[in-house]
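Report on the structure
Listed here are the chains, written in short residue letters.
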Amino acid sequence: MRSSPAARLLRPAALIPLLVVALAFPTSAPAAAAQAPVQASAPVPVSAPARAPVPGELRPYDVSDVYSAGISSGGYMATQLHVAYSGTFDGSAAFASGPNFCAQNDLNKALLACMDTLQDLQLDKLEQTTRDWSAQGLVDPVSQLAGDPVYVFSGSGDTTVKRPVADALSDYYGRLGARVRYDNSTAAGHAWISPLGPNSCTVTANPWINNCGFDAERDLLGHLLGSVTAPAAAPGGTLTQFDQNPYAPGGQARTISMDEKGFVYVPDTCADGAACTLVVALHGCKQGYSYQGFGSQFIDKAYLNEYADTNNLIVLYPQAVPTTTLDNPNGCWNWWGYQGDSAYARHGGKQIETVMAMVRALGGDGTPPPAGNRMTLPSTDAQDGYIKAAADGSVASVGTLETTYGLALGRGSDGKYNRSVLSFDTSRIPPGKQLTRAYVTLTHSSGSGSPWTSPTGNRLLVDVHHGCLSACTVEPADWSATTTAPGSAEVTAFTAGTRSSTNLSTAGLAAVNRSGVTQLRLRFAANQTSNAYVFVNKDTRATLTVEYE
């Protein structure tokens with residue numbers, strides 16, 4: 001018989017296994033809102049087993065868009081990734097989970113408000129926290145969530161994460177301007193819904209993959225992508241098992257409750273160079289590859305790989321594992337702050353940053369980080385700007401179109417040459433740490449022509465300056481000011497999404513101001529021979545990622 005809430009609250013240590021048992025079962029995937037609940041299992045599609053995983057590593061592909069999707073604890077992590085890095089993620093799907101930062105680092109709240117309804121989950125406070133974090137640069141600008149497609153699912157048979165919690169997630173995203181499709185029409189238990197599911201719809205039982213008589217993945221992907229092509233009869237791409245350690249802080253995935261093993265599914269078209277979309281798929285508790293022999297069941301039966309083959313999707317399957325302590329014995333993703341990670345739902349969250357490092361590696365925007373710690377600093381918007389000048393730097397003036405188009409680079413239609421300045425508070429880097437790597441990340445806003453090919457082989461360089469070039473706000477003199485470490489990095493050509501620079505040179509790392517402001521100036525190595533320009537970071541702030549040991 002279930003004990004009273006008061007009795008459970010008197011035993012906080014005992015709440016940990018209760019919480020992770022409750023989160024052990026992934027939730028249902030989205031059902032089509034127009035369909036009536038289906039109790040009987042639908043016929044399973046003819047689908048051959050996935051190819052056995054081959055050992056390998058993450059390598060860059062032509063990734064155009066990125067989405068997250070997850071169930072239960074994985075649903076919470078999918079939302080955390082989307083909210084923290086909305087400049088990277090274009091949308092999300094979350095099943096049987098609640099709003100971002102729902103647990104607020106409080107295990108009791110996680111259990112009683114974010115799964116049950118015995119406490120108020122404080123939706124107004126959660127919304128305001130997100131907006132405050134955005135203003136502080138602790139998550140990407142909240143404005144980037146507006147218009148993003150979000151899929152929320154809750155089965156009426158789910159007693160693990162109750163319906164009002166999912167209602168709150170739908171409301172949370174709606175308040176932030178996302179395009180929410182909320183499916184609450186199916187009598188599903190707590191499970192991922194798939195035509196390949198071995199369980200009937202209302203069941204909540206191992207392996208927590210249920211067949212509810214419809215193609216949930218068609219609905220999910222259709223909402224995120226706009227439309228989808230029918231799935232392949234059987235997966236024909238390559239499932240690669242890679243080492244997650246290089247992407248984790250300190251090079252040790254187990255220390256943050258993540259597995260050494262991760263998986264990525266790549267269709268042949270993506271491997272051959274086609275532009276592809278990346279989907280980060282996050283299993284629920286007890287569904288990780290290394291959890292008590294669970295193996296690849298989630299990967300094989302989620303019905304994502306079949307759609308990947310026909311829709312140019314790369315599917316990344318990061319893996320969590322249990323801790324040897326009571327922190328996380330069932331291998332859940334961190335959505336309540338276990339192991340003392342108070343940043344779990346924002347920039348700096350250990351699992352978030354590890355998954356982001358994988359995303360960047362697949363998108364060609366970074367290599368596996370070295371052992372050590374990492375933090376991502378947003379630029380100081382009030383100090384960012386661009387300067388236009390003649391070819392020799394004369395008649396310089398501060399650009400005025402930043403709020404309309406972004407920061408300008410290259411030769412504009414007025415015949416002037418544009419350079420941009422970014423400002424970062426690098427005093428936030430922990431003292432006593434040695435910098436091992438740093439890079440800047442930009443977001444494409446618009447442009448005309450390719451300033452990288454005018455002239456052929458032109459290069460967008462990153463100058464690093466210890467302190468401010470003149471005043472910390474942009475001034476005309478910044479166009480030609482001497483910098484501490486000129487040409488420390490390069491940003492290769494891109495026409496959409498985000499792009500990270502190469503790593504700062506040794507001189508560039510040494511120029512980072514550990515006691516105050518570091519400014520970066522972006523400039524092309526050669527003046528364009530014709531009008532060709534790009535605007536970056538109109539609605540987002542650039543970021544400087546630093547790693548240290």
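Let us look at the structure shown here.

Rules and cut-offs
- Residues numbered from 1 in each chain as written.
- Predicted model: local features only at pLDDT ≥ 70, side-chain atom pairs only at ≥ 80, totals over all residues.
- Heavy atoms only, no water.
- Helix = DSSP H or I, 4+ residues; strand = E, 2+ residues; numbered from the N terminus.
- Buried < 20%, exposed > 50% of the residue type's maximum accessible area, 1.4 Å probe, protein only.
- Pairing = 2+ DSSP bridges.
- 1 Å grid on protein atoms, 1.4 Å probe; cavity = no way out; pocket = protein on both sides within 12 Å on 5 of 7 lines; lining within 4 Å.
- Points joined across faces, edges and corners; volume = space filled by probe spheres on them.
- Right-handed = clockwise from strand over helix to strand, strands pointing away.
- Disulfide = S-S within 2.5 Å.

The next subject is unusual backbone geometry. With glycine set apart, most residues show a phi of negative sign, and most peptide bonds adopt trans. The omega torsion of the bond from Asn-206 to Pro-207 falls at 5 degrees, within 30 degrees of zero and hence cis. With respect to the helices and strands, the residue Pro-207 is situated in the loop between β7 (199–200) and β8 (209–211). Unusually for a residue other than glycine, Gln-104 sits at a positive phi of about 55 degrees. Structurally, the position occupied by Gln-104 is in the loop between β3 (92–95) and α4 (107–112). Residue Gln-104 is classed as buried on the basis of its relative accessible area of 16%.

Here the focus is the sheet that holds β7. Ordered in space as β6-β8-β7, the 3 strands form an open sheet in which the pairing is parallel. The two strands at the open ends of the sheet, each matched to only one other strand, are β6 (192–193) and β7. One ladder, built from 2 bridges, connects β6 with β8; its direction is parallel. By the bridge assignment for β8, Ile-193 is matched with Asn-210.

The subject of this paragraph is the layout of surface pockets. Of the voids in this model, the largest pocket is the one considered here, and its volume is about 870 Å³. Taken together, 41 residues make up the lining of the largest pocket; nearest its centre are Gly-87, Thr-88, Ala-496, Gly-497 and Thr-498. Counting residues per element, the ones that place at least two in the lining of the largest pocket are β2 (63–71), α11 (350–362), β18 (435–448) and β21 (498–500). Counting residues per element, the lining of the largest pocket draws most heavily on β18, at 5 residues.

Let us look at the pairing of β3. Along β3, one buried face is formed by Ser-92 and Ala-94 and the opposite face, lined by Ala-93 and Phe-95, is buried too. Pairing analysis gives 4 bridges linking β2 to β3, with the strands arranged parallel. Bridging across to β3, Ser-68 finds its partner in Ser-92. The handedness of the β2 to β3 crossover, carried by helix α3 (residues 73–84), is right-handed. In the sheet, β3 pairs with strand β4 (residues 149–153) via 4 bridges, with the strands oriented parallel. The residue of β4 that forms the bridge with Ser-92 is Val-150.

Before going further, it helps to examine the state of the cysteines. Overall, the coordinates contain 5 disulfides when judged by the stated rule. The side chain of Cys-102 participates in a disulfide bridge whose partner is Cys-114; the two sulfur atoms lie 2.1 Å from each other. Negative torsions about the S-S bond denote left-handed disulfides, and the value of about -100 degrees found for Cys-102 with Cys-114 makes this one left-handed. Residue Cys-102 is found in the loop between β3 and α4, and its partner Cys-114 is found in the loop between α4 and α5 (123–136); the two are separated by 12 residues along the sequence. Using a relative accessible area of 1% as the deciding quantity, one classes Cys-102 as buried. Two residues, Cys-270 and Cys-276, share a disulfide whose sulfurs are 2.0 Å apart. Judged by the sign of its S-S torsion, about -105 degrees, the bond between Cys-270 and Cys-276 is left-handed. Taken as a pair, Cys-270 and Cys-276 share a single burial class, namely buried.

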